[in-house]
Amino acid sequence: MTPHFDLVGTTVADMARTLDFYRRLGLDIPAGAEAEPHVEVTLDNGLRLAWDTVATIRSFDPGWTPPTGSPRMSLAFRCADPAEVDRRWAELTGAGFHGHLPPWDAVWGQRYAVLHDPEGNGVDLFAPLPTAG
(Lines give C-alpha, C1' and ligand atoms only; values in the text may rest on other atoms or scores of the structure.)
Protein backbone atom coordinates (compact mmCIF):
# COMPACT_ATOMS: atom_id res chain seq x y z
CA MET A 1 0.00 0.00 0.00
CA THR A 2 1.22 3.50 -0.79
CA PRO A 3 0.92 5.94 2.12
CA HIS A 4 -2.19 8.09 1.86
CA PHE A 5 -2.03 11.75 2.95
CA ASP A 6 -4.68 11.93 5.66
CA LEU A 7 -4.01 14.53 8.37
CA VAL A 8 -2.38 17.89 9.01
CA GLY A 9 -1.55 18.32 12.67
CA THR A 10 -0.52 21.48 14.48
CA THR A 11 0.56 22.24 18.03
CA VAL A 12 -1.25 25.00 19.89
CA ALA A 13 -0.57 27.03 23.01
CA ASP A 14 -4.12 28.42 23.11
CA MET A 15 -6.69 25.87 21.94
CA ALA A 16 -9.70 28.15 22.45
CA ARG A 17 -8.27 31.06 20.43
CA THR A 18 -7.06 28.73 17.67
CA LEU A 19 -10.43 26.98 17.35
CA ASP A 20 -12.17 30.37 17.29
CA PHE A 21 -10.02 31.33 14.31
CA TYR A 22 -10.83 28.16 12.36
CA ARG A 23 -14.52 28.30 13.25
CA ARG A 24 -14.59 31.80 11.74
CA LEU A 25 -13.19 30.25 8.56
CA GLY A 26 -16.24 27.99 8.51
CA LEU A 27 -14.87 24.74 9.93
CA ASP A 28 -17.43 22.72 11.86
CA ILE A 29 -15.66 22.27 15.19
CA PRO A 30 -17.83 20.87 17.99
CA ALA A 31 -18.82 23.12 20.88
CA GLY A 32 -16.71 22.45 23.95
CA ALA A 33 -13.74 21.20 21.92
CA GLU A 34 -11.59 24.03 23.28
CA ALA A 35 -11.35 22.14 26.59
CA GLU A 36 -9.83 19.06 24.91
CA PRO A 37 -6.08 18.35 24.57
CA HIS A 38 -6.58 16.99 21.01
CA VAL A 39 -9.17 18.15 18.50
CA GLU A 40 -9.62 17.04 14.92
CA VAL A 41 -12.13 17.61 12.17
CA THR A 42 -12.65 15.87 8.87
CA LEU A 43 -12.88 18.32 5.99
CA ASP A 44 -15.27 17.92 3.06
CA ASN A 45 -12.51 16.34 0.94
CA GLY A 46 -11.75 13.72 3.61
CA LEU A 47 -8.51 15.30 4.83
CA ARG A 48 -8.34 15.69 8.60
CA LEU A 49 -7.06 18.79 10.39
CA ALA A 50 -5.93 18.36 14.00
CA TRP A 51 -4.74 20.51 16.87
CA ASP A 52 -2.83 19.28 19.92
CA THR A 53 -1.89 21.25 23.01
CA VAL A 54 1.76 21.69 23.88
CA ALA A 55 1.19 19.43 26.92
CA THR A 56 -0.14 16.66 24.67
CA ILE A 57 2.90 16.82 22.40
CA ARG A 58 5.29 16.91 25.35
CA SER A 59 3.58 13.83 26.83
CA PHE A 60 5.30 11.72 24.14
CA ASP A 61 8.09 14.13 23.07
CA PRO A 62 9.34 15.78 26.27
CA GLY A 63 12.01 17.79 24.45
CA TRP A 64 9.60 19.43 22.00
CA THR A 65 10.11 23.18 21.64
CA PRO A 66 8.11 25.62 19.52
CA PRO A 67 9.65 26.55 16.17
CA THR A 68 10.91 30.09 15.66
CA GLY A 69 10.96 32.39 12.66
CA SER A 70 8.51 32.55 9.79
CA PRO A 71 6.25 29.61 8.95
CA ARG A 72 7.58 27.22 6.32
CA MET A 73 4.16 26.05 5.23
CA SER A 74 0.65 27.38 5.18
CA LEU A 75 -2.87 26.10 4.92
CA ALA A 76 -4.78 27.48 1.94
CA PHE A 77 -8.56 27.83 1.94
CA ARG A 78 -10.41 28.28 -1.34
CA CYS A 79 -13.25 30.76 -1.03
CA ALA A 80 -16.39 30.87 -3.18
CA ASP A 81 -15.44 34.15 -4.86
CA PRO A 82 -13.19 37.22 -4.44
CA ALA A 83 -15.79 38.92 -2.22
CA GLU A 84 -15.58 36.03 0.26
CA VAL A 85 -11.79 36.46 0.47
CA ASP A 86 -12.34 40.11 1.41
CA ARG A 87 -15.17 39.29 3.83
CA ARG A 88 -13.23 36.54 5.65
CA TRP A 89 -10.15 38.78 5.84
CA ALA A 90 -12.21 41.63 7.34
CA GLU A 91 -13.95 39.32 9.81
CA LEU A 92 -10.76 37.67 11.04
CA THR A 93 -8.64 40.82 11.29
CA GLY A 94 -11.62 42.62 12.86
CA ALA A 95 -11.68 39.90 15.52
CA GLY A 96 -8.04 40.63 16.32
CA PHE A 97 -6.32 37.90 14.31
CA HIS A 98 -3.08 38.82 12.53
CA GLY A 99 -3.43 39.82 8.91
CA HIS A 100 -0.11 39.38 7.13
CA LEU A 101 -0.92 40.39 3.53
CA PRO A 102 -4.26 42.09 2.84
CA PRO A 103 -6.35 40.93 -0.13
CA TRP A 104 -4.94 41.67 -3.58
CA ASP A 105 -5.54 40.57 -7.15
CA ALA A 106 -2.59 38.28 -7.82
CA VAL A 107 -0.98 38.06 -11.24
CA TRP A 108 -1.77 34.32 -11.31
CA GLY A 109 -5.51 35.07 -11.52
CA GLN A 110 -6.70 34.82 -7.94
CA ARG A 111 -7.90 37.16 -5.20
CA TYR A 112 -5.43 36.31 -2.44
CA ALA A 113 -4.80 37.17 1.22
CA VAL A 114 -2.52 35.79 3.93
CA LEU A 115 -3.29 35.64 7.64
CA HIS A 116 -1.56 33.98 10.57
CA ASP A 117 -3.50 31.78 12.94
CA PRO A 118 -2.92 32.33 16.68
CA GLU A 119 0.10 30.02 16.57
CA GLY A 120 1.75 31.94 13.69
CA ASN A 121 0.91 29.41 10.97
CA GLY A 122 0.25 30.89 7.55
CA VAL A 123 -3.37 30.68 6.42
CA ASP A 124 -4.03 31.72 2.83
CA LEU A 125 -7.43 32.67 1.45
CA PHE A 126 -7.95 32.60 -2.30
CA ALA A 127 -10.59 32.60 -5.02
CA PRO A 128 -10.36 32.70 -8.80
CA LEU A 129 -10.79 36.15 -10.30
CA PRO A 130 -13.54 36.54 -12.89
CA THR A 131 -12.16 36.23 -16.39
CA ALA A 132 -12.34 39.31 -18.59
CA GLY A 133 -14.90 38.71 -21.24
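Going along each chain's sequence as written, the residues are numbered from 1 onward. Per-residue local features of the predicted model are confined to residues with pLDDT of at least 70, and side-chain atom pairs are confined, for both listing and counting, to 80 or more; whole-chain, interface and lining totals are unaffected and use all residues. With hydrogens and water excluded, all non-hydrogen atoms of the structure serve as input to the side-chain values.

The helix and strand labels rest on DSSP assignments: H or I over at least four residues marks a helix, E over at least two residues marks a strand, and numbering proceeds from the N terminus. Tallying secondary structure elements over the chain gives three helices and seven strands in all. The N-to-C order of helical and strand elements in the chain reads β-α-β-β-α-β-α-β-β-β. Relative accessible area decides the class of each residue, using a 1.4 Å probe on protein chains only: under 20% of the type maximum gives buried, over 50% gives exposed, and in between gives partly exposed. Counting over 133 residues, the chain shows a buried share of 36%. Between two residues, a contact is recorded if the distance between any of their heavy atoms is within 4.5 Å. Long-range contacts, defined as pairs at least 24 residues apart, comprise 51% of the intrachain contacts of the chain with a sequence gap of at least 6. Residue exposure ignores everything except the shown protein chains as possible cover, and the areas themselves are Shrake-Rupley values with a 1.4 Å probe. Just so you have it, the chain exposes about 8000 Å², and 55% of that area is on carbon and sulfur atoms. Positive charge is attributed to Lys and Arg, negative charge to Asp and Glu, and no charge count is given to His or to the chain ends. Taken as the charge centre is NZ of Lys, CZ of Arg, CG of Asp or CD of Glu, depending on the residue. When the 10 basic and 18 acidic side-chain charges of the chain are each reduced to a single mean position, those positions are 3 Å apart.

Below, the discussion takes up the sheet that holds strand β6 (residues 110–116). At least two DSSP bridges between two strands are needed for those strands to be called paired. Taken in spatial order, the four strands line up as β4-β7-β6-β5 in an open sheet, and their pairing is mixed. On the outer flanks of this sheet lie β4 (74–78) and β5 (98–105), each paired with one strand and no other. The average angle at which neighbouring strand axes cross in this sheet is 15°, direction not considered. Two strands pair when backbone bridges link them, and β5 and β6 are joined in this way by five bridges, in the antiparallel orientation. Looking at the pairing, Asp105 lines up with Arg111 of β6. Contacting β5, β6 and β7 (122–128), helix α3 (residues 82–94) runs over the sheet at an angle of about 15° to β6. Every angle, taken between N-to-C directions, lies between 0 and 180 degrees, and every axis is a line fitted to C-alpha atoms, over only the stretch in contact when it is a helix.

Our focus in this paragraph is the domain arrangement of the chain. By convention here, the domain bounds are inherited from an automatic or database domain assignment. Assigned domains of the chain: these are domain 1 (7–59) and domain 2 (74–128). Between the C-alpha centres of domain 1 and domain 2 there is a distance of 19 Å. If you look at the interface, domain 1 gives 16 residues, while domain 2 gives 16 residues. As used here, buried area is the combined drop in accessible area, with a 1.4 Å probe, of two parts when they are placed together. Across the interface of domain 1 and domain 2, roughly 1300 Å² is buried in total on both sides, 67% from carbon and sulfur atoms. When the buried surface of domain 1 facing domain 2 is broken down by residue, Phe21, Arg24 and Leu25 rank first, second and third, together holding 50% of it. One speaks of a salt bridge when a side-chain nitrogen belonging to Lys or Arg is within 4 Å of a carboxyl oxygen belonging to Asp or Glu. Taken together, domain 1 and domain 2 are joined by one salt bridge.

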